[in-house]
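A structural walkthrough
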Amino acid sequence: MSSETDETGPIDYLVIEFPGSRMTGEGLPLLVDLVDRGIIRILDLVFVRKGQDGTVAGVELSELTADGHEDLAVFEGVSSGLLGREDIDEVSAILEPGSAAGIVIYENVWAGPLAAALRRSGGRLIANGRIPVQEILASLDAAEAGSRA
């Protein structure tokens, strides 16, 4: 293992659907900021659009930068090979007609040194996951209601 791969943080992906293909770009500067601060590293970034007839087409980053999202130009050509045609087809199958989606694969750079230290000490990941925000909010609401009773 090279020192670079030894320090690799967890790799995650996100698929964000934009109903009606309304991509405002509001989150893009925040994504760029995360990269600039070394918190994440973008490995793959792809945008697709699904027509009302069900046809799917890729959206080039140059199309988005022409729409005023110049920050995205830094990701032009970013491709690790992790995101393949099969993955894009899978996302396209669940997209609503008339919608667009952004697919991003990223490394959690911030966690790399911790992950490496844990591996060196013999630790191994045996489970991981995410708690949906809705579940957290419901749990907090229930706890608050219980404290008032």
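All of the points below concern the structure found in this document. (Residues numbered from 1 in each chain as written. Predicted model: local features only at pLDDT ≥ 70, side-chain atom pairs only at ≥ 80, totals over all residues. Heavy atoms only, no water.)

A closer look at the sheet that holds strand β3 (residues 56–59)
For the record, the criterion: We treat two strands as partners when DSSP finds at least two bridges between them. Helical segments are the DSSP runs of H or I of at least four residues, strand segments are the runs of E of at least two, and each set is numbered from the N terminus. Every angle, taken between N-to-C directions, lies between 0 and 180 degrees, and every axis is a line fitted to C-alpha atoms, over only the stretch in contact when it is a helix.
Pairing in this open sheet of four strands is antiparallel, and the strands run β1-β4-β2-β3 from one edge to the other. Each of the sheet's edge strands pairs with one partner strand only, and the pair in question is β1 (11–18) and β3. On average, each strand axis in the sheet is tilted by 25 degrees relative to the strand beside it, whichever way the strands run. The pairing of strand β2 (residues 41–50) with β3 spans four bridges and is classified as antiparallel. Bridge assignment links R49 to a residue of β3, and that residue is A57.

Quick look at helix α6 (residues 133–148)
Note the threshold: A helix is expected to reach a length of 1.5 Å times the quantity of its residues less one. Residue exposure (1.4 Å probe, protein chains only): buried if accessible area is under 20% of the type maximum, exposed if over 50%, otherwise partly exposed.
The end-to-end C-alpha separation of α6 is 23 Å, in line with the 22 Å expected for 16 residues at 1.5 Å each. Among the 16 residues that make up α6, zero are buried, leaving the element largely open to the surroundings.

Topic: unusual backbone geometry
Most peptide bonds adopt trans geometry, and most residues besides glycine take a negative phi value. Even without being a glycine, S21 presents a positive backbone phi close to 55 degrees. Counting through the fold element by element, S21 comes out in the loop between β1 and α2 (28–36).

So, the layout of surface pockets
Definition in use: Only protein atoms enter the 1 Å grid used here, on which a cavity is any set of points holding a 1.4 Å probe that cannot leave and a pocket is any open set flanked by protein within 12 Å on both sides along at least five of seven lines; residues with an atom within 4 Å of a point are listed as lining. Grid points are joined across faces, edges and corners, and a volume is the space filled by probe spheres set on the points. Residues were grouped as follows: Ala, Val, Leu, Ile, Met, Phe, Trp, Tyr, Cys and Pro as nonpolar; Asp, Glu, Lys and Arg as charged; and all remaining residues, including Gly, as polar.
Put simply, the largest pocket is a space of about 540 Å³. At the level of secondary structure, the elements contributing two or more residues to the lining of the largest pocket comprise β1 and α5 (112–120). Looking at the lining of the largest pocket, the element that brings in the most residues is α5, giving four residues. Across the lining of the largest pocket, the residue classes tally to ten nonpolar, six polar and four charged.

Brief notes about a nonpolar patch on the surface
What counts, and what does not: Residues enter patches when they are more than 30% accessible in relative terms and free of salt bridges; like-charged ones are connected within 9 Å and nonpolar ones (Val, Leu, Ile, Met, Phe, Trp, Tyr) within 5 Å. Surface exposure here means Shrake-Rupley accessible area, sampled with a 1.4 Å probe, where a residue is shielded only by the protein chains that are shown. What counts as a salt bridge is simple: a side-chain nitrogen of Lys or Arg found within 4 Å of a carboxyl oxygen of Asp or Glu.
A surface patch of nonpolar side chains, about 490 Å² in accessible area, is lined by I131, V133, I136, L137 and L140. The class for L137 is partly exposed, based on a relative accessible area of 47%.

What to know about the nonpolar core
This is how the line gets drawn: What we call a nonpolar core is a set of buried Ala, Val, Leu, Ile, Met, Phe, Trp, Tyr and Cys residues that are connected through their side-chain atoms within 4.5 Å. We call two residues in contact whenever any of their non-hydrogen atoms come within 4.5 Å of each other.
Among the nonpolar cores identified, the biggest contains twelve residues, and these are M23, L31, V32, I40, I42, L45, F47, V59, F75, A100, V104 and Y106. Those elements giving two or more residues to this core turn out to be α2, β2 and β4 (100–107). Setting aside residues up to four positions removed in sequence, I40 forms contacts with L31, L34, V35, Y106, E107, N108 and V109. In this structure, L43, I88, V91 and I103 belong to the second largest nonpolar core, which totals nine residues.

Examining the side chain of D44
How we decide: In summary, the charge assignment counts Lys and Arg as positive and Asp and Glu as negative, without counting His or the chain termini. Polar contact is the term for a pair of N or O atoms within 3.5 Å; when the atoms are in protein, one must be able to donate a hydrogen and the other to accept it, and sequence-neighboring residues count only if both atoms are side-chain atoms.
Within the secondary structure, D44 is located in strand β2. Buried within the structure, D44 lacks any salt-bridge partner; its nearest side chain of opposite charge belongs to R41, at an N-O separation of 9.6 Å. At a separation of 3.4 Å, a polar atom in the side chain of D44 contacts the main-chain amide nitrogen of L83. Residues contacting D44, with those up to four places away along its chain left out, are V78, S79, S80, G81, L82, L83, I103, V104 and I105.

What about the pairing of β4?
Most of β4 is tucked away, with eight of its eight residues classed as buried. Side chains of β4 alternate between two faces, with A100, G102, V104 and Y106 and A101, I103, I105 and E107 buried alike. Relative to β4, β2 is paired through eight bridges, and the arrangement is antiparallel. Each bridged residue has a counterpart across the sheet, and for R49 the counterpart in β4 is A100.

Geometric values such as these leave the question of function open.
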